[in-house]
Amino acid sequence: MKSNLSLLNILHLFNDGFEASFLLLLPFIQKDLHFNLTYVGILGTLVIIIRILMALPSGYLAMKAGGMRVLIYSIILYALGFLGVPFSNSLIRLLLVFIIGGLGYSFFHTIGFALVSKWADKKTRGKDLGNFTSIGDLGKVGISTVLTFIIVAIGWRFTSLLYTFISIILFLFFFIKFNKLKDSFIENQAKVKELHFIEVMKNWRFILAMATGFFDNFASASLYIFLPFLLLKRGINPSFLGSFTAAFFIGNFLGKYVLSRFIDRHGSVRIFMVAEVFMALFIFLLASSTSFILIIIFAVILGIFTKGTLPVVETMITESVEHHANYEKAHGINGVITNIGVAVAPILLGIISDKLSIVWAFDMMAIAALIALIPALGFYLLYRKSF
């Protein structure tokens with residue numbers, strides 16, 4: 001299964017890189033079309049709402065059609081999303097384009113986490129989940145960094161058309177590769193017990209793991225959407241936005257890669273609680289800093305603790321349901337519940353930014369990170385009680 005995981009990781013690299021680039025178009029579109037940050041929040045929220053709506057159907061499609069097949073065909077939707085951007089001169093058209101693009105990105109993580117949970121060795125599951133989540137950040141760093149420099153050179157409309165062409169090439173590559181190796185991607189290696197939603201939701205450890213993810217996602221998911229606007233407020237040159245965002249994503253990569261190595265040794269909850277405290281601290285520091293150098297340093301460190309918690313939370317989800325191994329359904333339900341926080345965050349933070357300030361929005365993220373410690377502690381206490 002190592003070769004399957006490798007191809008899945010490569011696909012993740014491009015999925016996350018293109019999603020980050022899609023959202024990073026917003027500051028440039030907003031400047032030309034003159035809409036406020038509340039509309040930016042609405043567009044960011046729309047992508048998350050689609051992800052919520054598709055979380056359970058994603059698991060169903062993966063079980064019926066095959067997870068890798070669904071992920072590869074999703075690339076077509078990325079291409080259509082980028083193709084529609086240059087022709088969107090109003091908020092309504094942008095909403096339609098973001099719906100199409102959002103559909104493409106909505107399938108990946110629910111299906112991807114279920115596949116890694118199936119294919120990974122139990123002894124190294126934390127490391128494999130960390131590798132899977134961190135590889136996406138390599139795509140975010142490389143692709144989003146290049147994006148802003150291309151936009152400054154040729155404009156956001158031509159850049160979006162360029163990314164459309166690249167998306168089509170990627171689809172053809174993965175489509176051919178998948179058809180050559182199709183037999184090795186048979187995913188129903190073992191029968192799993194089919195559980196109804198109510199049965200899954202009776203599992204208190206699963207509920208607490210989802211609550212942990214809910215507040216963690218609220219705190220972290222909108223950071224890279226609003227980080228460019230915080231940087232612009234600090235007077236940063238727009239051509240360097242991609243570099244600062246890349247610094248944040250480099251921290252994401254390091255956090256997922258490094259923290260996941262400690263999960264299998266020290267337990268998921270201990271690692272999560274330490275990381276979440278540092279996340280809150282560095283959100284406060286980033287929001288209050290005016291130093292060019294300190295902002296870069298804080299962005300990298302914040303990235304480590306912000307997304308470094310993702311493989312930790314996903315390990316908690318997997319641990320809570322491994323007695324029946326129904327990973328598609330568990331990750332699907334988790335995708336619905338935890339991403340509600342992600343959906344609410346951009347629009348709420350956009351309103352706070354317009355009414356108060358962008359700094360207040362970052363302070364709200366820090367508070368949510370501290371709240372996430374409460375259900376994580378409950379998860380840990382239930383685990384100890386069961387032994």
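Residues numbered from 1 in each chain as written. Predicted model: local features only at pLDDT ≥ 70, side-chain atom pairs only at ≥ 80, totals over all residues. Heavy atoms only, no water.

## A short note on the packing of aromatic side chains
Just so we agree on the cut-off: Any two rings among Phe, Tyr and Trp, with Trp reduced to its six-membered ring, count as a pair given centres within 6.5 Å; such a pair is stacked if its planes are under 30 degrees apart, edge-to-face if over 60, and tilted if neither. The numbering of helices and of strands both runs from the N terminus, where a helix is a DSSP run of H or I of at least 4 residues and a strand a run of E of at least 2. Type-normalised accessible area, obtained with a 1.4 Å probe on protein chains alone, sets the label of each residue: buried when under 20%, exposed when over 50%, and partly exposed for intermediate values.
This model, assessed by the stated rule, comprises 17 aromatic pairs. On the numbers, 6.5 Å between centres and 25° between planes, the contact of Phe 18 with Tyr 78 is stacked. One end of the pair, Phe 18, is in helix α1 (residues 2–24); the other, Tyr 78, is in helix α4 (residues 67–84), and 60 residues separate them in sequence. Accessibility expressed as a relative area gives 4% for Tyr 78, which makes it buried.

## Comments concerning the side chain of Ser 160
Definition in use: Two N or O atoms form a polar contact when they lie within 3.5 Å of each other; inside protein one atom must be a possible hydrogen donor and the other a possible acceptor, and for residues adjacent in sequence the pair counts only when both atoms belong to side chains. A contact between two residues is defined here by any heavy atoms of the two lying within 4.5 Å.
Relative to the assigned elements, Ser 160 resides in helix α8 (residues 156–180). A distance of 2.5 Å separates a polar side-chain atom of Ser 160 from the backbone oxygen of Phe 82. Setting aside its immediate chain neighbours within four residues, Ser 160 contacts Leu 25, Phe 82, Val 85 and Pro 86.

## Side note on the nonpolar core
Filter applied, for reference: Each nonpolar core is a collection of buried residues, namely Ala, Val, Leu, Ile, Met, Phe, Trp, Tyr and Cys, held together in the definition by side-chain atoms within 4.5 Å.
Of all hydrophobic cores here, the largest spans 86 residues; its most connected members are Leu 8, Leu 25, Phe 98 and Phe 362. Discounting residues that sit within four places of it in the chain, Phe 98 has contacts with Phe 22, Leu 23, Leu 26, Leu 43, Leu 46, Val 47 and Ile 50.

## A word on the packing of helix α10 (residues 204–220) against helix α17 (residues 358–371)
As a reminder, the rule being used: Helix axes are fitted to C-alpha atoms over the stretch in contact, other axes to C-alpha atoms as well, and angles between N-to-C directions run from 0 to 180 degrees. Throughout this description, any angle smaller than 35 degrees is read as roughly parallel, any larger than 145 degrees as roughly antiparallel, any in the 65 to 115 degree range as roughly perpendicular, and the remainder as oblique. With the far helix as reference, a near helix turned anticlockwise by less than a right angle produces a left-handed crossing, and one turned clockwise produces a right-handed crossing. Throughout, the ten residues Ala, Val, Leu, Ile, Met, Phe, Trp, Tyr, Cys and Pro are labelled nonpolar, Asp, Glu, Lys and Arg are labelled charged, and all others, Gly among them, are labelled polar.
Where α10 contacts α17, the two axes come as close as 8 Å, and the packing angle between them is 160°. As the angle between them shows, α10 and α17 are arranged roughly antiparallel. Two packed elements cross with a definite hand, and for α10 against α17 that hand is left-handed. Within the contact between the two elements, α10 uses Phe 215, Phe 218 and Ala 219 and α17 uses Met 365, Ala 368, Ala 369 and Ile 371. Residues of the contact of α10 with α17, tallied by class, amount to seven nonpolar, no polar and no charged.

## Overview of the environment of Ser 357
Its place among the elements puts Ser 357 in the loop between α16 (327–355) and α17. Residue classification places Ser 357 among the buried positions, given a relative accessible area of 18%. Along the primary structure Ser 357 and Lys 233 are separated by 124 residues, whereas in three dimensions their C-alpha atoms are 10.0 Å apart.

## Quick look at the environment of Ile 168
With respect to the helices and strands, the residue Ile 168 is situated in helix α8. Once the C-alpha coordinates of Ile 168 and Leu 77 are considered, the two residues, 91 residues apart in sequence, prove to be 9.9 Å apart.

## With respect to a nonpolar patch on the surface
Condition: The patches reported here contain residues having more than 30% relative accessible area and no salt bridge. Joining distances are 9 Å for like charges and 5 Å for nonpolar side chains (Val, Leu, Ile, Met, Phe, Trp, Tyr). With residues, only the protein chains shown are counted as cover, and all accessible areas are computed by Shrake-Rupley using a 1.4 Å probe. By convention in these notes, a salt bridge is any Lys or Arg side-chain nitrogen within 4 Å of a carboxyl oxygen on Asp or Glu.
Among the surface-exposed residues, Tyr 73, Ile 76, Leu 80, Leu 83, Phe 87, Ile 100, Ile 154, Phe 158, Leu 161, Phe 175 and Ile 176 lie close enough to one another that they form a single nonpolar patch of about 970 Å² accessible area. Put simply, the parts of the chain that give the nonpolar patch at least two residues each are α4 and α8. With respect to the element layout, Tyr 73 can be found in helix α4. The exposure class assigned to Tyr 73 is partly exposed, which follows from its relative accessible area of 40%.

## Concerning helix α3 (residues 37–65)
Our working rule: In this scheme, a helix's expected span is set at 1.5 Å multiplied by one less than its residue total. To get the bend at a residue, fit one axis to the 7 residues ending there and another to the 7 starting there, then take the angle between the axes.
End to end, α3 covers 39 Å across 29 residues, agreeing with the expected 42 Å (1.5 Å per residue, within 8%). Along α3, the sharpest kink reaches roughly 45°, centred on Ala 55 and followed within four residues by the proline Pro 57. In the stretch just after α3, Gly 66 is the one whose phi turns positive, near 100°.

## Observations concerning the environment of Gly 341
With respect to the secondary-structure elements, Gly 341 resides in helix α16. For Gly 341, a relative accessible area of 0% gives the class buried. Distance in space between the C-alpha atoms of Gly 341 and Gly 213 is 8.8 Å, their sequence separation being 128 residues.

## Remarks on helix α6 (residues 108–119)
An α-helical turn contains 3.6 residues, so any two residues separated by three or four positions project in the same direction. Between its terminal C-alpha atoms α6 stretches 16 Å, which fits the 16 Å expected from 12 residues at 1.5 Å a residue. Counted residue by residue, α6 has 11 buried out of 12 residues, so it is predominantly covered. Along α6, the residues that are buried comprise Phe 108, His 109, Thr 110, Ile 111, Gly 112, Phe 113, Ala 114, Leu 115, Val 116, Ser 117 and Trp 119.

## Remarks on the side chain of Asn 15
With respect to the helices and strands, Asn 15 occurs in helix α1. By relative accessible area, which is 0% here, Asn 15 ends up buried. At a separation of 2.3 Å, a polar atom in the side chain of Asn 15 contacts the side chain of Tyr 78. Leaving out residues up to four positions away in the same chain, Asn 15 has contacts with Tyr 78, Gly 104, Tyr 105, Phe 108 and His 109.

## Topic: the packing of α3 against α4
Look at α3 against α4: their axes get within 6 Å of each other, and the N-to-C directions meet at 115°. Touching Leu 61, Ala 62 and Ala 65 of α3 are Gly 67, Arg 69 and Val 70, all from α4. Of the residues that constitute the contact of α3 with α4, the class distribution is four nonpolar, one polar and one charged.

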